[in-house]
Amino acid sequence: MAPNEKRKLTVKIDILSLRQHPEMLERFLDFFRKHWGHPELYRDCMTAALDSSSPLPQWYLAVMPGGEIAGGAGLITNDFISRMDLTPWLCALHVEEKFRGNGLGGELIRHAAKCAEQTGYRNIFCCTDHVGYYERYGFEYVGIGYHPWNETSRIYRKSLAGSMNIRDQFNQLADEYDVNRRKFIPCFDDYYAGCTVSALSLAGTPQRVLDLGAGTGLLTKYWFQLCPKAEYLLTDIADEMLKIARKRFAGCANVSFAVSDYSRELPEGRFDVIMSALSIHHLEDDQKTALFRRIHDRLPSGGWFFNYDQFRCADPALNQVQDRIWVDQIHSSGMSDEDIARWRERRKLDRECSVEVQTDALRQSGFSMAECFFHSGKFAVIAARKE
């Protein structure tokens, strides 16, 4: 992987995930077995990964606009190394020779690291004989590891904890979450109370409701007030947040809870309504699309998905204006400097898309209807119906 100046890239390269593009399985297999051998090993690993609910392994290809593959990498639980206590591992990183010298290897590393961080990992590791390459991208030497074939490799670690991951950040602010949410959202009452009235007028009287990224149960609170007989399941990756939700709904036999990561899998069963508030914007666009497909699968015919979320404007200049207005509103809300600093840190985890991009992704995921029925500044509510 030593740099070799061949040419500078002036076009955007897409880094594609096998799980998001299962139709490309044979191209993934051809690339990795061409450069690393072991054809049956890769086929078995990749084929199984497509049907697995586990977050690992992941495989990535860097693809040129014309479809030519420029490089690839993997993210796996263990790279045939003695340090079984460490995971996940960056593996099989390779950039085609004519594309080297332009930082593409670094882009693949950053993409894999970002995906690992989104999944909740705090570090990624790699084993290599190279000295000086991985250090450029934030890796530090850990020690020597041993392979089953009686060889050794240098082990490197890259910390993903420069900013806390989503689970840690939301666990930290659980106690003051509800108080500050009104300060964060200038349109709070219309957003939660008003939009829930509208949503229920569409959904009728649902029997089972799933709240994704439920946090302290604030969204379910508004639904429960209007539809108290439904069965509610609240899920979140932050157990401290759900502890508050449990207190909120103490004694309510029709409200249950699960600590889980909806970006990996959804609870079993069918739900008449699936909803979420201010959570899905933390996912990358390809993760959002994969989630929408899973949501579609969990809904019956006539079921509804409602996403109360944070969005960006499609026009960059307009989005900059809306961001500035929002910042000014937060500073004038009476929020403490410490809470504002935490909010700024959490914003580093945001992966906003526009309303238009999301409604289009929902339609492509199988929903017969996807429309925004409320929009104020950075906040909007989207309704999507399964035919």
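Everything in this summary refers to the structure shown in the same document.

About the thresholds
- Just so you know, the residues in each chain are numbered from 1, in the order the chain's sequence is written.
- Only residues with pLDDT of 70 or above have their local features reported here, since the model is predicted, and side-chain atom pairs are shown and tallied only from 80 upward, although totals for entire chains, interfaces and linings are computed over all residues.
- Only hydrogens and water are removed before side-chain values are computed, so all heavy atoms of the structure are retained for them.
- Each helix is a run of DSSP H or I of at least 4 residues and each strand a run of E of at least 2, with the numbering of both proceeding from the N terminus.
- For this analysis, residues touch if any pair of their heavy atoms sits within 4.5 Å.
- Multiplying 1.5 Å by the helix residue count minus one yields the expected span of that helix.
- When a residue's accessible area, from a 1.4 Å probe over protein chains only, is under 20% of the maximum for its type it is buried; when over 50% it is exposed; and in between it is partly exposed.
- Starting at the helix axis, one direction is taken to each C-beta atom, and the arc is that of these directions.
- Here a polar contact is taken to be a pair of N or O atoms separated by no more than 3.5 Å, where protein atoms must pair a possible hydrogen donor with a possible acceptor and residues adjacent in sequence count only if both atoms sit in side chains.
- For patches, a residue must show more than 30% relative accessible area and have no salt bridge; joins then use 9 Å for like charges and 5 Å for nonpolar side chains, namely Val, Leu, Ile, Met, Phe, Trp and Tyr.
- Each accessible area is a Shrake-Rupley estimate made with a 1.4 Å probe; only the visible protein chains count as cover when residues are assessed.
- Salt bridges are identified by distance alone: a Lys or Arg side-chain nitrogen within 4 Å of an Asp or Glu carboxyl oxygen.
- We score Asp and Glu as negative and Lys and Arg as positive, and we do not count His or the chain ends.
- Here, strands pair whenever DSSP counts at least two bridges between them.
- The axes used here are C-alpha line fits, helices contributing only the stretch in contact, and every angle between their N-to-C directions lies in the interval 0 to 180 degrees.
- What counts as a ring pair is set by centres within 6.5 Å for rings of Phe, Tyr and Trp (its six-membered ring), and what kind of pair is set by the plane angle: stacked under 30 degrees, edge-to-face over 60, tilted for all other angles.

## Structural notes on the environment of aspartate 236
Next, step 1: As for its position among the elements, aspartate 236 is in strand E9 (residues 231–236).
Next, step 2: Dropping the residues within four chain positions of it, aspartate 236 is found in contact with Gly213, Ala214, Gly215, Leu242, Ala258, Val259 and Ser260.

## Notes on helix H10 (residues 316–331)
Next, step 1: With 16 residues, H10 should cover 22 Å at 1.5 Å per step; its first-to-last C-alpha distance of 23 Å lies within 8% of that length.
Next, step 2: Here H10 has its buried residues at Asn319, Asp323, Trp326, Val327 and Ile330. Projection of H10 onto a plane perpendicular to its axis shows the buried side chains occupying an angular sector of 100 degrees, all on one side.
Next, step 3: Of the residues that open H10, the one with a side-chain oxygen 3.2 Å from the backbone nitrogen of alanine 317 is aspartate 315.

## Re a nonpolar patch on the surface
Next, step 1: A surface patch of nonpolar side chains, about 310 Å² in accessible area, is lined by Leu41, Phe80 and Trp149.
Next, step 2: Of note, leucine 41 is situated in helix H2 (residues 39–50).

## Quick notes on unusual backbone geometry
Next, step 1: Cis geometry is adopted by the peptide bond preceding proline 57, which originates at leucine 56 and carries an omega value of 0 degrees.
Next, step 2: Examined against the element boundaries, proline 57 turns out to sit in the loop between H2 and strand E2 (58–63).
Next, step 3: The peptide bond linking threonine 87 to proline 88 adopts the cis configuration, its omega dihedral lying at 0 degrees.
Next, step 4: Mapped onto the elements of the fold, proline 88 is located in the loop between strand E3 (69–76) and strand E4 (89–95).
Next, step 5: Positive phi values are uncommon outside glycine, yet asparagine 150 reaches one of about 65 degrees.
Next, step 6: The residue asparagine 150 is located in the loop between strand E6 (139–146) and strand E7 (152–159) in this model.
Next, step 7: The class for asparagine 150 is exposed, based on a relative accessible area of 76%.
Next, step 8: Positioned with a positive phi, leucine 278 is a non-glycine residue whose angle comes to about 50 degrees.
Next, step 9: Within the secondary structure, leucine 278 sits in the loop between strand E11 (273–277) and helix H9 (285–298).
Next, step 10: Taking the relative accessible area as the measure of exposure, leucine 278 reaches 9% and is therefore buried.

## Quick notes on the pattern of salt bridges
Next, step 1: Counted by the stated rule, this structure contains 22 salt bridges.
Next, step 2: Note that arginine 33 is salt-bridged to aspartate 30, the shortest N-O span being 2.7 Å. With arginine 33 and aspartate 30 both in helix H1 (residues 25–36) and three residues apart, this pair spans about one turn of that helix.
Next, step 3: Since its relative accessible area comes to 26%, arginine 33 is described here as partly exposed.
Next, step 4: Among the salt bridges present, the one from lysine 288 reaches aspartate 285, with a minimum N-O distance of 3.4 Å. Linking lysine 288 with aspartate 285, this pair stays in helix H9, spanning three residues, or about one helical turn.

## Structural notes on the side chain of lysine 158
Next, step 1: Within the secondary structure, lysine 158 is located in strand E7.
Next, step 2: The side chain of lysine 158 is buried and forms no salt bridge, while glutamate 117, the nearest opposite charge, is found at 8.5 Å.
Next, step 3: In terms of polar contacts, lysine 158 uses its side chain to reach the backbone carbonyl oxygen of tyrosine 137, at 2.7 Å.
Next, step 4: In this structure lysine 158 touches Ile109, Ala113, Arg122, Asn123, Ile124, Tyr137, Gly138 and Phe139, once residues within four positions along its chain are discounted.

## Here we look at the sheet that holds strand E14 (residues 379–385)
Next, step 1: Ordered in space as E10-E9-E8-E11-E12-E14-E13, the seven strands form an open sheet in which the pairing is mixed. Since the sheet does not close on itself, it has two edges, and those belong to strand E10 (255–259) and strand E13 (369–376), each with one partner. Here the strands of the sheet are splayed against their neighbours by 15 degrees on average, with no regard to which way each runs.
Next, step 2: As judged from the four bridges shared by strand E8 (residues 208–212) and E11, these two strands associate in the parallel manner. If you follow valine 209 over to E11, its bridge partner there is valine 273.
Next, step 3: Relative to the sheet, helix H6 (residues 188–203) contacts E11, strand E12 (304–310), E13 and E14, its axis offset from that of E12 by approximately 165 degrees.
Next, step 4: Those strands touched by helix H7 (residues 218–226) are E8, E9, E10, E11 and E12, and its axis lies near 135 degrees from that of E11.

## Concerning the packing of aromatic side chains
Next, step 1: For the coordinates displayed, the defined rule picks out 26 aromatic pairs.
Next, step 2: Between tryptophan 89 and phenylalanine 125 the ring centres are 5.7 Å apart and the planes differ by 40 degrees, which places this aromatic pair in the tilted class. Taken together, the residues tryptophan 89 in strand E4 and phenylalanine 125 in strand E5 (residues 123–128) connect sequence positions 36 residues apart.
Next, step 3: Between tyrosine 133 and tyrosine 134, the aromatic rings sit 5.1 Å apart at their centres with planes inclined by 90 degrees, giving edge-to-face as the arrangement.

By themselves these figures say nothing about function.
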